[in-house]
Amino acid sequence: MSLPLEGRSAIVTGAGRGLGRAEALELARLGAAVVVNDFGQPGRDGSGAASATPAEEVAAGIRAAGGRAVAHTGDVADHQQARALVELAVAEFGQLDILVNNAGILRDRMVFSMSEDEWDSVIRVHLKGHFNTTHFAAAHWRARSKAADAPVYGRIVNTSSEAFLAGSAGQPNYAAAKGGIVGLTTSTALALAKYGVTANVICPRARTRMTADVFAGFQEPAGDGSEGRLDPLAPEHVAPLVGYLASPAAAHVNGQLLVVHGGMVAVVERPRVAAKFDTKQDAFTYDELDALLTPHYADRPTGETFAAAEVLGLKHE
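Everything numeric here is computed off the predicted structure, so don't read it as measured data. (Residues numbered from 1 in each chain as written. Predicted model: local features only at pLDDT ≥ 70, side-chain atom pairs only at ≥ 80, totals over all residues. Heavy atoms only, no water.)

Q: What exactly am I supposed to notice about the overall build of the protein here?
A: Secondary structure assignment for the protein yields 8 helices and 8 strands. If one aligns the C-alpha atoms of the protein with their principal axes, the spans along those axes are about 70 × 55 × 40 Å. Counting every position in the protein, which comprises 317 residues, the buried fraction comes to 46%. A fraction of 69% describes how many contacts in the protein between residues 6 or more apart in sequence connect residues 24 or more apart. A total accessible area of about 16,000 Å² is found for the protein, and carbon and sulfur atoms account for 55% of it. Positive and negative charge centroids in the protein, built from 28 and 35 side chains respectively, lie 6 Å apart. (Helix = DSSP H or I, 4+ residues; strand = E, 2+ residues; numbered from the N terminus. Buried < 20%, exposed > 50% of the residue type's maximum accessible area, 1.4 Å probe, protein only. Contact = heavy atoms within 4.5 Å. Areas by Shrake-Rupley, 256 points an atom, 1.4 Å probe, with all protein chains shown as cover. Lys, Arg positive; Asp, Glu negative; His and termini not counted. Charge placed at Lys NZ, Arg CZ, Asp CG, Glu CD.)

In structure tokens, the structure reads:
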């Protein structure tokens, strides 16, 4: 029996460790040939010298298990290195079918304490990094579709965060970048649908190098693992959803946002209009807006904003 991704090729960025590594291994398990991308800096804030080791070790592991994989150690936030990444996939495997954007860094700080560099660096790696790879992958699929005069197979899985959905007071740069990725994804989904390409975004929760302190108080399962109990925050809970979204089975899933962790997947509904007010004149005045909006917000719970903090309470039942 053939595997769902047999004959397909994929790029996974940030795949040397954590979520990206688990996703690359899952795509390979499902039959895809994988370009394992990782810039390899040791610090979760993007500090330290770049290293080829993380990407090469994951690629070697895939090959040792009988799969096809090649490492790419470039910086996806660099436009030309992102181009080279897509070109490598095409050169090695004939074409690109799947793009999983996962690479990122953290530089947490309250908004009143955050430096310009702390803002710029996080936006650069997360949001620009997602754009760069998407740009070159989209151009590849568009060219193939036009040459064939028919839709092609293309899948994009982008990585946002519950920090965007719920609002994270100490992560204005990260939350903004992750919100931007959602906008990029929905725009891309609409733009590329006619070429046969889907684009979806996940908000994963997992215990990784980047979140080690965040989940420090969440205990891992007791025992040596022989009991088969998987850490509820293990990246392996996230990887199967990425594999599904990359597969032919998800052909009708496009422009969607899903929260995933610990044996649970939640489909997040798009925003809805809660109320609408019309002026009784040619244009609103301050007094009219005061008379309409002030009562509307007067009885709302203190602290309630557009952020959906309730997503943080989602868990496997």
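Q: Would you mind showing me how to read a nonpolar patch on the surface here?
A: Taken together, the side chains of Phe284, Leu289, Leu293 and Tyr297 make up a nonpolar region of the molecular surface, amounting to roughly 350 Å² of accessible area. Along the chain, phenylalanine 284 falls in the loop between β8 (264-267) and α8 (286-298). (Patch = residues over 30% accessible without salt bridge, like charges linked within 9 Å, V, L, I, M, F, W, Y side chains within 5 Å. Salt bridge = Lys/Arg side-chain N within 4 Å of Asp/Glu carboxyl O.)

Q: Help me out: how do you make sense of the sheet that holds strand β5 (residues 154-159) in this one?
A: Strand pairing in a sheet is mediated by backbone hydrogen bonds. Such pairs are either parallel or antiparallel. Read across the sheet, 8 strands follow the order β3-β2-β1-β4-β5-β6-β7-β8 without closing on themselves; strand pairing throughout is mixed. Whereas interior strands pair on both sides, the edge strands pair on one side only; in this sheet they are β3 (69-72) and β8. On average, adjacent strands in this sheet sit at an angle of 20° to one another, irrespective of strand direction. Of the pairings in the sheet, the one linking strand β2 (residues 33-37) to β3 comprises 4 bridges and is parallel in character. The residue bridging valine 35 from the neighbouring strand is valine 70, located in β3. (Pairing = 2+ DSSP bridges. Axes fitted to C-alpha atoms, helices over the stretch in contact; angles between N-to-C directions.)

Q: What is the right way to read helix α1 (residues 18-29) from this model?
A: Every α-helix carries 3.6 residues per turn, so stepping three or four residues along brings you back to the same face. Spanning 12 residues, α1 covers 17 Å between terminal C-alpha atoms, matching the ideal 16 Å at 1.5 Å per step. Against the buried residues of α1 lie β1 (9-12), β2, α2 (53-64), β4 (98-100), β6 (197-204) and α7 (239-245). Glycine 31 lies just past α1 and shows a positive phi near 110°. (Expected span 1.5 Å × (residues − 1).)

Q: What is the right way to read the pattern of salt bridges from this model?
A: Between side chains of opposite charge, a pair can form when the charged atoms approach closely. Throughout the structure, instances matching the rule amount to 11 salt bridges. Arginine 17 is paired through a salt bridge with aspartate 38; the nearest N and O atoms lie 4.0 Å apart. Taken as a pair, arginine 17 in the loop between β1 and α1 and aspartate 38 in the loop between β2 and α2 lie far apart in primary sequence, 21 residues in all. Here aspartate 38 falls in the buried class, since its relative accessible area comes to 8%. We note a salt bridge from glutamate 162 to arginine 205, for which the minimum N-O separation is 2.7 Å. On the criterion of sequence distance, the pair formed by glutamate 162 in helix α5 (residues 162-166) and arginine 205 in the loop between β6 and α7 is long-range, its members being 43 residues apart. Judged on exposure class, the residue glutamate 162 and its partner arginine 205 are both buried.

Any link to function would need more than the numbers given here.
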